[in-house]
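# Survey of secondary and tertiary structure
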Amino acid sequence: MQGYGGPAQPSPPIGDALNAGFRYLEVKCAGCNTHSTVDLTTLRRPRQTPIWQLEQRMRCRPCSEMRGHPYKRGHLVRLRRTNITTRQDAEPWYPGDQRDRH
C-alpha cells in the first residue's frame, strides 16, 4: 500500500484480511496528515470486496467539518492487527521488521 510507495491495489478481500488477523485498516489524510483506523468488522460490504475499493469511500472528518461537506482525502496506508493507540506505536510494518520505533 502507500507505506511501500505503491498503489493500494492489488489487495486482499476484506474476508481474507480478517481471516489473517488484520482487523483494522490504517488511513491517512493527505491534507491534514491525520491517521485513523477503520474497523473492518463493522463495514457493511461483502467479504469479497477488495480493500483497495474502500479508498474511494474514505472521508477525512476534520477536513470535512472545516469545509462543511464530505471531503475525500484519505489514502490507505496498511492493514493492522491492532488499533492505533499512540503516534509511536510498536506494531511492525511487515513480518520480520525489527526496527526500534520509540
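Above this text you will find the structure in question.
Residues numbered from 1 in each chain as written. Predicted model: local features only at pLDDT ≥ 70, side-chain atom pairs only at ≥ 80, totals over all residues. Heavy atoms only, no water.

## Notes on the sheet that holds strand β3 (residues 74-80)
The line we're drawing: Strand pairing requires that DSSP identify at least two bridges connecting the strands. The way it works is that DSSP assigns letters per residue, a run of H or I at least four long becomes a helix, a run of E at least two long becomes a strand, and they are numbered from the N terminus. Convention adopted: a line fitted to C-alpha atoms gives each axis, helices being fitted over their contacting stretch, and angles between N-to-C directions are expressed from 0 to 180 degrees.
Read across the sheet, 3 strands follow the order β2-β1-β3 without closing on themselves; strand pairing throughout is antiparallel. Looking at the sheet topology across the chains shown, the edges are occupied by β2 (35-39) and β3. Averaged over all pairs of adjacent strands, the angle between their axes in this sheet comes to 30°, without regard to strand direction. Pairing between strand β1 (residues 24-29) and β2: 5 bridges, direction antiparallel. Within β2, the position partnered with tyrosine 24 by the bridge is aspartate 39.

## Observations concerning the pattern of salt bridges
The condition is simple: Just to be clear on terms, a salt bridge is a Lys or Arg side-chain nitrogen sitting within 4 Å of an Asp or Glu carboxyl oxygen. Categorising residues by exposure relies on relative accessible area from a 1.4 Å probe, with only protein chains included: less than 20% of the type maximum marks a residue as buried, more than 50% marks it as exposed, and the intermediate range marks it as partly exposed.
One pass over the structure, following the stated rule, counts 3 salt bridges. Measuring nitrogen to oxygen at the nearest pair gives 2.8 Å for the salt bridge that ties arginine 23 to aspartate 39. Taken together, the positions of arginine 23 in the loop between α1 (14-19) and β1 and aspartate 39 in strand β2 put the pair 16 residues apart, joining distant regions of the chain. Residue classification places arginine 23 among the partly exposed positions, given a relative accessible area of 38%. Take aspartate 39: its relative accessible area is 16%, and that puts it in the buried class. Between glutamate 26 and arginine 80 there is a salt bridge, with the nearest N and O atoms lying 3.1 Å from each other.

## Structural notes on the packing of aromatic side chains
Quick reminder of the rule: Between rings of Phe, Tyr and Trp, where Trp is taken as its six-membered ring, a pair exists when centres lie within 6.5 Å; planes separated by under 30 degrees are stacked, by over 60 edge-to-face, and by other angles tilted. Geometrically, a charge over a ring is one whose NZ (Lys) or CZ (Arg) sits within 6 Å of the ring centre while staying within 35 degrees of the ring normal.
Under the definition given, this model contains 0 aromatic pairs. Of note, arginine 81 hangs over the ring of phenylalanine 22, and the distance from its end group to the ring centre comes to 4.2 Å.

## Some remarks on the environment of valine 77
In this structure, valine 77 sits in strand β3. Sequence separation of valine 77 and lysine 28 is 49 residues, and the distance between their C-alpha atoms is 6.5 Å.

## Details of the environment of cysteine 29
The test is simple: Contacts are residue-level and defined by heavy atoms, with any inter-residue pair within 4.5 Å sufficient.
Among the secondary structure elements, cysteine 29 is positioned in strand β1. Judged by relative accessible area, which is 3%, cysteine 29 ranks as buried. Dropping the residues within four chain positions of it, cysteine 29 is found in contact with Thr34, Cys60, Cys63, Arg73 and Gly74.

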